[in-house]
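Summary of the model geometry
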Amino acid sequence: MAIHIERTTNINAPPERVWAVMSDVERWPKWTESMKSVERSDSGEFGVGSQAKLKIRRSPSANVWTVTDLTPNRSFTWGTNSGGVKAVASHMVEPDGDGSKVTLAIDLSGPVVTFFGWFIAGSSRENVRMEAEGLKRRTEAPDVSVG
């Protein structure tokens, strides 16, 4: 069994601003309740091979996510494989008139998903919703610095 969850959100902010917030992964816990903590395992520019240890809401442990694909100012994909769950998440921003369109998606597979998919899907769907709504709030706020 595999689970695919996707959410598209229109944001009243330019793609450059959205990308700056979205790609600064260590600051995610400041604007999305879906993340308890994010700690980069490396330093320097965020790109293919970059890793971060994420503690996700309702997840029993923190996992290391590795960036597998990145198009600067446009999209990144990263994944983890731990405890019987393989997760691949993608984050894409594109121009939409004077604003942006953001698409967040996660694909989950593995033996744990086969047996507990109903629970994992509900929690993951809620986390994607929180991330999309938090990103929208953060990037549309006129008085908040990027990041």
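With that settled, consider the pairing of strand β3 (residues 51–56). Residues in a regular strand point their side chains to alternate faces of the sheet. The sheet contact formed by strand β2 (residues 35–40) and β3 spans five bridges and is antiparallel. Along β3, the bridge assignment pairs M35 with I56. Here four bridges tie β3 to strand β4 (residues 63–71), and the two strands are oriented antiparallel to one another. By the bridge assignment for β4, K53 is matched with V64. Linking two consecutive strands that pair antiparallel, namely β3 and β4, is a turn of six residues; a positive phi of about 70 degrees is found at R58 within it.

As summarised here, the arrangement of the seven strands in space is β1-β7-β6-β5-β4-β3-β2, forming an open sheet in which the pairing is antiparallel. Edge positions in the sheet fall to β1 (2–11) and β2, since each of these pairs with one other strand and no more. Across the sheet, the axes of successive neighbouring strands diverge by a mean angle of 20 degrees, strand direction being ignored. Strand contacts of helix α1 (residues 15–22): β1, β4, β5 (75–82), β6 (85–96) and β7 (99–109), with the helix running at about 155 degrees to β6, the strand carrying the most contacts. Against the sheet, helix α3 (residues 111–140) contacts β1, β3, β6 and β7, and its axis sits at roughly 10 degrees relative to β1.

Moving on to the pattern of salt bridges. Inspection of every chain in the model, using the stated rule, returns eight salt bridges. For R27, the salt bridge goes to D24, with nearest N and O atoms at 3.2 Å. For D24, a relative accessible area of 25% gives the class partly exposed. Linked through salt bridges whose partners overlap, the residues forming this network are R7, E126, R129 and E133.

Let's shift gears to the layout of surface pockets. Of the voids in this model, the largest pocket is the one considered here, and its volume is about 700 Å³. Lining of the largest pocket is provided by 34 residues; of these, I56, S59, L108, I120 and S124 occupy positions nearest its centre. Elements with a minimum of two residues in the lining of the largest pocket: β3, β4, β5, β6, β7 and α3. For the lining of the largest pocket, the leading source of residues is α3, giving nine residues.

The rules we used
Residues numbered from 1 in each chain as written. Predicted model: local features only at pLDDT ≥ 70, side-chain atom pairs only at ≥ 80, totals over all residues. Heavy atoms only, no water. Pairing = 2+ DSSP bridges. Helix = DSSP H or I, 4+ residues; strand = E, 2+ residues; numbered from the N terminus. Axes fitted to C-alpha atoms, helices over the stretch in contact; angles between N-to-C directions. Contact = heavy atoms within 4.5 Å. Salt bridge = Lys/Arg side-chain N within 4 Å of Asp/Glu carboxyl O. Buried < 20%, exposed > 50% of the residue type's maximum accessible area, 1.4 Å probe, protein only. 1 Å grid on protein atoms, 1.4 Å probe; cavity = no way out; pocket = protein on both sides within 12 Å on 5 of 7 lines; lining within 4 Å. Points joined across faces, edges and corners; volume = space filled by probe spheres on them.

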